[in-house]
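Spelled out, the chains give:
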Amino acid sequence: MDTSNPAVLVNGDLLGSYVGRRVRTVIQVVQPSAGGLTGRSTDEKQVVVKGQMPSPVTTFVEVIGVADSAQAITAEIVTNFGDTTFDANNFNQLCQHANGAFRHLFI
Amino acid sequence: MMFSESQFDGGSQIANSPATAAANRDTFGLVPLTIKQISEASQSGDDKSNFSVSGADVVNVTVVGMVSNIVERNTDVTFTLDDGTGKLDCKRWLNEPFDRLQMEDIREGIYVHVDGHLKSFKGEKHVAVFSARPVTNFDEITFHFVACIHNHARTTKVQKAQVDAENINSTPKTPIQNGTNGFVSTISSQTSVPFTLDGVKGVDEMVLAYLQHPANYGIEKGIHTDEVAQKLKLPSKKIMESLRTLENDGLIYSTIDEFHYKACEASN
């Protein structure tokens, strides 16, 4: 059992509150680039991800890594989350709950 | 008077049994938990083999996370599950052919649902897995965390209800006799207990109070629905709905025809 290094569930808005900390989020890929990608968070904010990407990359990806700023993440793990069926709104609301009244269940 | 008091007791007893039943059901079902919640589970019971999360007994858990450190042996497979809130050691005993078959689909780096029995060994918690299946639709991950939140909210609400119900039992009964609305508002204002008279409110209260008024209660053939609507200055439709609800709750009954109603008890 090890809860020493959790990754906080964030959306674009919350990313800025956890700069320097380990975070996880789901992003819609807008533009892949060399050594990373540019994407849109579930609350429509732009996020830039640096790190190794799966190949090929799907429309939605989960990024687990360290927040560099309110708009950038250095990724440790990037997982393909599929092209069509991810419910971004649900995920967005989950982020709000996981950082709100139910924070103690997560971090 | 007697009816009110027994209803009062009955109300809290009704609240207790489904609430207790719900809490007991948790012991045997699969409880969705985050690994952080599991790490905070306290051990309960004399033999220290049961766990308690947020005050509710937990035996079997379901967790969703990413697999790593898979070690395959002849008799078992162990791996670590990481759901972002923590890392959990999992062990799958390979007793049946099904166990081996299911574990073939489990690879490093994929997300899986793990269902298993929560156990403790030398102070460390781990899960004895009886089912491990890959996540196929990633909404399942979001859903699992929502389910954890929902389960936590529901469990703590049930416990609060039980505490409230116990508090009612120790409250003196004098508030009941205060006027026509006495016992109804006492219950609904004091508690968040489900399954009591919370449904009797607003229009229903007014209709019931009118029918329970001693002058009206004294009329053998009951009161016509039109009179109730006229006196309370409410639309007939609303009155009819209330009358149906109150009848279903056993507080009033129809007399000479479906338009005449009488209360079961007077208010004073």
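Here the structure is a predicted model, which is why all the values come from computation and not from measurement.

## Some details on the pattern of salt bridges
Move 1: One pass over the structure, following the stated rule, counts 10 salt bridges over all chains.
Move 2: Residue A:E62 pairs with A:R24 through a salt bridge whose shortest N-O separation is 3.1 Å. You can see A:E62 sitting in strand β5 (residues 60-69) and its partner A:R24 sitting in strand β2 (residues 22-33), a full 38 residues away along the chain. Both residues of the pair, A:E62 and A:R24, belong to the buried class.
Move 3: Here B:D115 and B:R133 are joined by a salt bridge, their closest N and O atoms 2.9 Å apart. A residue pair is termed long-range when its members are at least 10 positions apart, and B:D115 in strand β8 (residues 111-121) and B:R133 in strand β9 (residues 124-134) qualify at 18 residues.
Move 4: The exposure class assigned to B:D115 is buried, which follows from its relative accessible area of 7%.

## Remarks on the packing of helix α6 (residues 203-212) of chain B against helix α8 (residues 225-232) of chain B
Residues and elements named next belong to chain B.
Move 1: The interhelical angle for the contact between α6 and α8, taken along N-to-C directions, is 115°, at an axis separation of 11 Å. Between α6 and α8, the angle is such that the two are roughly perpendicular. Crossing hand, α6 versus α8: right-handed. Where α6 approaches α8, its residues M206, V207, Y210 and L211 are matched on the opposing element by E227, V228, K231 and L232.
Move 2: Looking at the contact of α6 with α8 residue by residue, the class counts come to six nonpolar, no polar and two charged.

## Quick look at the packing of α8(B) against helix α9 (residues 236-248) of chain B
Helix packing geometry: the angle between the two helix axes and the distance between the axes.
Residues and elements named next belong to chain B.
Move 1: Running from N to C, α8 and α9 point in directions that differ by 115°, and their axes come no closer than 9 Å. As α8 runs across α9, the sense of the crossing is right-handed. For the pair α8 and α9, the contacting residues are T225, D226, V228, A229 and L232 in the first and S236, I239, M240 and L243 in the second.
Move 2: Among the residues making up the contact of α8 with α9, the classes are represented as six nonpolar, two polar and one charged.

## Points about the packing of aromatic side chains
Move 1: One pass over the full model with this rule turns up six aromatic pairs over all chains.
Move 2: Each ring, one from A:F81 and one from A:F86, has its centre 5.6 Å from the other, and the planes form 55°; the classification is tilted.
Move 3: Ring geometry for A:F106 against B:F145: centres 5.5 Å apart, planes inclined by 55°, an arrangement best described as tilted. On the criterion of chain membership, the pair formed by A:F106 in the segment after α2 (88-98) and B:F145 in helix α4 (residues 139-170) is interchain, its members lying in two chains.
Move 4: The ring centre of B:Y217 lies 4.0 Å from the NZ or CZ of B:K262, which sits over that ring.

## Re the interface of chain B and chain A
Move 1: Counting residues at the interface gives 30 residues for chain B and 26 residues for chain A.
Move 2: Around 2300 Å² of area is buried between chain B and chain A when both sides are counted, 63% of it from carbon and sulfur atoms.
Move 3: When the area that chain B buries against chain A is broken down by residue, the three leading residues are B:F138, B:T142 and B:I149, summing to 23%.
Move 4: At the junction of chain B and chain A, the tally comes to zero salt bridges.
Move 5: Elements represented by at least two residues in the side of chain B that touches chain A include exactly α2 (35-39), β7 (87-93), β9 and α4 of chain B.
Move 6: If you tally residues by element for the side of chain B that touches chain A, the top one is α4(B), at nine residues.
Move 7: Class assignment for the residues of the side of chain B that touches chain A results in 12 nonpolar, nine polar and nine charged.

Each value, and the rule that gives it
Residues numbered from 1 in each chain as written. Chains lettered and ligands numbered in written order. Predicted model: local features only at pLDDT ≥ 70, side-chain atom pairs only at ≥ 80, totals over all residues. Heavy atoms only, no water. Salt bridge = Lys/Arg side-chain N within 4 Å of Asp/Glu carboxyl O. Helix = DSSP H or I, 4+ residues; strand = E, 2+ residues; numbered from the N terminus. Buried < 20%, exposed > 50% of the residue type's maximum accessible area, 1.4 Å probe, protein only. Axes fitted to C-alpha atoms, helices over the stretch in contact; angles between N-to-C directions. Parallel < 35°, antiparallel > 145°, perpendicular 65-115°, else oblique. Left-handed = near helix turned anticlockwise from the far one by under 90°. Contact = heavy atoms within 4.5 Å. Nonpolar A, V, L, I, M, F, W, Y, C, P; charged D, E, K, R; others polar. Phe/Tyr/Trp six-rings, centres within 6.5 Å; stacked < 30°, edge-to-face > 60°. Lys NZ or Arg CZ within 6 Å of the ring centre and 35° of its normal. Buried area = accessible area lost by both parts, 1.4 Å probe.

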